[in-house]
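# Breakdown of the fold
What follows is the residue order along each chain.
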Amino acid sequence: MAAYSTGDDVFVFYRMTRRCTPQRKYLAVLDPRQGSYRPRNGISDGWLPAKVVDVEAARVKVEYSWRHFATCRGHFAEQDSGWAEWYPLGDVRAAPPGEAGKLAPRGLEPELILITFRWGGNNEVIAPEQWGDTGSSVSDLFVDSFVERAVMPVLGNNYEVWTVYVEDHTDMLKVANAANLIFGPYHPARRGRHVGAMYHLYPTSFEENCVPSKETGSDGGAALVDQKSFFKMQQAVERAGVPTRFPHPSGFYELLSSKRWTYMMSLTPHLRVPPTVSMPRMQIEQSCSEAAKQAIIALNRVKQQQAKLRNEPPPQEGVTKGVAKLGFSWEALDVKFWEGQDGEKGLTKALHNLTQNIEISDELTGQPQDLEAIIVQEYCKHDLEARLYVVDGKVETTIYTKFCKIKDNLEFGDFHELFDQEEAANAWCGGDLAALQDGERQCQEIAEHWMVWVQAQICAVPPAIRFDFFVGRGEKPGEAVVWTLEICELGFSMLGEKELPNKVFAAMFRSCMGTSPAALAASASDAAPLPSPPKTAASVAKAVTNGAAKGGSSANAVAVVAAADAAENGADGGVPSILHVTVPPGQGVTKDQHQCSGKYTVMPGAIANGAPVWINDRGDRFLYHGNDDNWYVGDEEEQTLNFDCDQGYIRHDSCGRVMPHLVAGEWERGEEWLPDAGVGVSTDGSAPPASARRSPPPGSKGKGKVSGKSKNNNKGGFGKGSP
């Protein structure tokens, strides 16, 4: 670590959501006008100029040299206020020559720069609990989860995030009409080795600030934006040379979110889409009842043709149950069930509700949406929904769900989810596990067909996508009937599944770096030899980081890191949800140090100095990142300090914020910080081999915790132990 003195010009790694209060999140804006006029935009994560005002062994206190900080509301931080705050040494860099006080300096070009488009309206995003601890895809929590679980473990602070706040269509049209001028090749956000855009907004067909939008969810329709303006903006940014990295390229994202694929692919037999038609809005506006009649005629024609294409007997019955739904609709809203012997009366009402007016909160409310058509689909009998999560082209997990009732307003409600196949079969399939297994086999086969279709749309395999299927028992026990229900874009709800977010985020990161799983392996084999070939993924990461800093191939760097990580750990990268710490008993190992051993689970939402925190099963030990760039295992004492400290029972240099199970070299035990090859952190509970155990020097027994801490004058950390 470099030594700093008061008055030094430095750069510090600023993270808006971790440095600011939720009510006052400050962007570093290029110019005061970019904080005053919409759409407001600036750096939310990145290196900012500062001046050192105080120094301690493991951290420095700085005043920001950059003078322009603004919130999404256009409020500015007071200049010359004397505000100063502490930064750990790992987030401090000496100012490159001639670059002091500048934003986006030469000499600190990030490996990855992300331009994020986020909600800037007055109503804050509130994610439903079912989304899990990573939040909904339009929330700051989701962006932070991606950065902290996937980007930082590989790149450390060698990345940057720019944020563009969007309040309504006027903001998006400004970007759409001038994207080539705003984000052209000479904008500072384009100086990274890899640059991508991420869109954390919900395109909708409803007018802005209308009652139906404001009544959506508990946050007043936060992040719902005009879909036409949204896609104009996204397409313009893509034309300016900034590729979309979340959720999907504009054309494909528009196809999925509009749901037009449902009626377009309804006559492709092997994709198993229920009979679906598009009813033009102009016909509905003429007469809802006549439109309903024509829609049912078309549905029956499609149903008959599906049977013919599948070489099945003609259907014995016509369509008597179905749904009418809107495109660009979220959270299973704007879907109306209808039924009847001829279906016309129920569908007439559904079409009227979706295009004319509907009852919301006991008030008859207009439906100001501008869709050119309403989707009408047969309702297929089923026992449950199987949601298949496909990551990098492979099904990673299946979650079983069911809407257990149709509400009085003919919408679907009483949502339940199950994660175990046998439990789902018992709850919803009458105990016919074989039928559910057959259904899931069919789902996976159909998902493979869909993935080829997806690749035909974008000439690539997306980082992740979700396919939802209706699964129902067939005529015979052990048999199932399956229909494609929905294709959900990247950003789908993961329903609180614990392992899935890390896999999805890791795939998103690989996409941001311009790699794919197949390309990673190929690039790794073709990569230029690294000095002194590393033995572990962590040492690969460290060597590659050094190589990239010296001008090495960043693409090969990422490939080698990912390939080594996958080969060594059997994982997809990112933040592991479970870690195992091993501190074997032995000479010099205290009881408290030995009690650090055990299983540790990541704490949802907990961040220590920009890194995740894990807690052991007893709840009295924490694996955290100290403010001196070391990983520590501490206890409640560190927790009460909010982990803004540098002490614990064991520790290891984080090697540029490499995850604790990937760091190279020996861990150290307090109180004197003795290296001990028997101490280790892993994802599978494996301990370092006994032959690697090093006997500590005589007399190094570690002091009792009654004295609290013992300062290490060389490295700045505190060691802990007790007899």
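Anything mentioned here points back to the structure above.
Nothing here was measured: the structure is a model prediction, and the numbers come from that model.

Scoring rules and cut-offs
Residues numbered from 1 in each chain as written. Predicted model: local features only at pLDDT ≥ 70, side-chain atom pairs only at ≥ 80, totals over all residues. Heavy atoms only, no water. Pairing = 2+ DSSP bridges. Helix = DSSP H or I, 4+ residues; strand = E, 2+ residues; numbered from the N terminus. Axes fitted to C-alpha atoms, helices over the stretch in contact; angles between N-to-C directions. Contact = heavy atoms within 4.5 Å. Phe/Tyr/Trp six-rings, centres within 6.5 Å; stacked < 30°, edge-to-face > 60°. Buried < 20%, exposed > 50% of the residue type's maximum accessible area, 1.4 Å probe, protein only. Lys NZ or Arg CZ within 6 Å of the ring centre and 35° of its normal. Polar contact = N/O pair within 3.5 Å; in protein donor to acceptor, adjacent residues only side chain to side chain. Lys, Arg positive; Asp, Glu negative; His and termini not counted. Salt bridge = Lys/Arg side-chain N within 4 Å of Asp/Glu carboxyl O.

## As for the sheet that holds strand β15 (residues 321-325)
With antiparallel pairing, the four strands of this open sheet are ordered in space as β14-β19-β15-β16. Every interior strand has two partners, whereas the edge strands, β14 (276-280) and β16 (335-339), have only one. On average, adjacent strands in this sheet sit at an angle of 25° to one another, irrespective of strand direction. In this fold helix α10 (residues 288-309) packs onto β14, β16 and β19 (373-378), with an angle of close to 155° to the strand it touches most, β14.

## Notes on the packing of aromatic side chains
Two descriptors summarise a pair of aromatic rings, namely the distance from one centre to the other and the angle between the planes of the rings. The final tally for this structure, using the stated rule, is 32 aromatic pairs. Seen from their ring centres, Phe 117 and Tyr 199 are 4.8 Å apart, and the 5° between their planes marks the pair as stacked. With Phe 117 in strand β8 (residues 112-119) and Tyr 199 in strand β10 (residues 194-199), this pair connects stretches of sequence that are 82 residues apart. Assigned by exposure class, Phe 117 and Tyr 199 land together as buried. With a centroid separation of 6.2 Å and 80° between ring planes, the pair formed by Phe 337 and Phe 412 is classed as edge-to-face. Linking Phe 337 in strand β16 with Phe 412 in strand β22 (residues 412-418), this pair joins segments that are 75 residues apart in sequence. On the basis of relative accessible area, Phe 412 is assigned to the partly exposed category, the value being 21%. An aromatic cluster of at least three residues, connected via ring pairs, comprises Phe 117, Phe 183, Tyr 199, Phe 230, Phe 231, Tyr 253 and Phe 328. Sitting over the face of the ring of Trp 86, Arg 59 holds its NZ or CZ atom 4.3 Å from the ring centroid. Here the basic side chain of Arg 272 rests over the ring of Trp 483, its NZ or CZ set 4.0 Å away from the ring centre.

## So, the environment of Glu 396
If you trace the backbone, Glu 396 turns up in strand β21 (residues 394-406). Sequence separation of Glu 396 and Glu 499 is 103 residues, and the distance between their C-alpha atoms is 9.5 Å.

## So, the environment of Asp 8
Along the chain, Asp 8 turns up in the segment before β1 (9-15). The class of Asp 8 is partly exposed, set by a relative accessible area of 27%. On a C-alpha basis, the gap between Asp 8 and Ala 50 in space is 8.5 Å, while along the polypeptide they are 42 residues apart. Dropping the residues within four chain positions of it, Asp 8 is found in contact with Ala 3, Ala 50, Lys 51 and Val 52. Of the polar contacts made by the side chain of Asp 8, one reaches the backbone nitrogen of Ser 5; its length is 2.7 Å.

## Considering the sheet that holds β21
Read from one edge to the other, the open sheet built from five strands follows the order β22-β21-β20-β23-β24, with strand pairing classed as antiparallel. Every other strand in the sheet has two partners, leaving β22 and β24 (480-488) as the edge strands with one partner each. With strand direction ignored, the average angle separating the axes of adjacent strands in the sheet is 30°. Pairing of β21 with β22 involves six bridges; the strand directions are antiparallel. What sits directly across from Ile 406, in β22, is Phe 412. Against the sheet, helix α14 (residues 500-512) contacts β20 (384-391), β21 and β23 (464-473), and its axis sits at roughly 40° relative to β20.

## A look at the side chain of Asp 334
With respect to the helices, strands and loops of the structure, Asp 334 is situated in the loop between β15 and β16. Lacking a salt bridge, the buried Asp 334 has Lys 336 as its closest oppositely charged neighbour, with an N-O distance of 7.6 Å. A polar side-chain atom of Asp 334 sits 2.8 Å from a polar atom in the side chain of Ser 329. Each residue touching Asp 334, except ones within four places of it in the same chain, is listed here: Phe 206, Ala 324, Lys 325, Leu 326, Ser 329 and Leu 354.

## Topic: helix α7 (residues 250-258)
At 3.6 residues per turn, the α-helix brings residues three or four places apart onto the same side. The buried fraction of α7 amounts to eight of the nine residues, a majority that puts the element mostly inside the structure. Of the residues making up α7, those classed as buried are Ser 250, Phe 252, Tyr 253, Glu 254, Leu 255, Leu 256, Ser 257 and Ser 258. The first or second residue beyond α7 is Lys 259, which carries a positive phi of 65°.

## Some points on the pairing of β19
When you tally the buried positions in β19, you get six out of six residues, the bulk of the element. Of the two faces of β19, the one carrying Ala 373, Ile 375 and Gln 377 and the one carrying Ile 374, Val 376 and Glu 378 are both buried. Bridge count between β15 and β19: four bridges; the pairing is antiparallel. Bridge assignment links Gly 322 to a residue of β19, and that residue is Glu 378.

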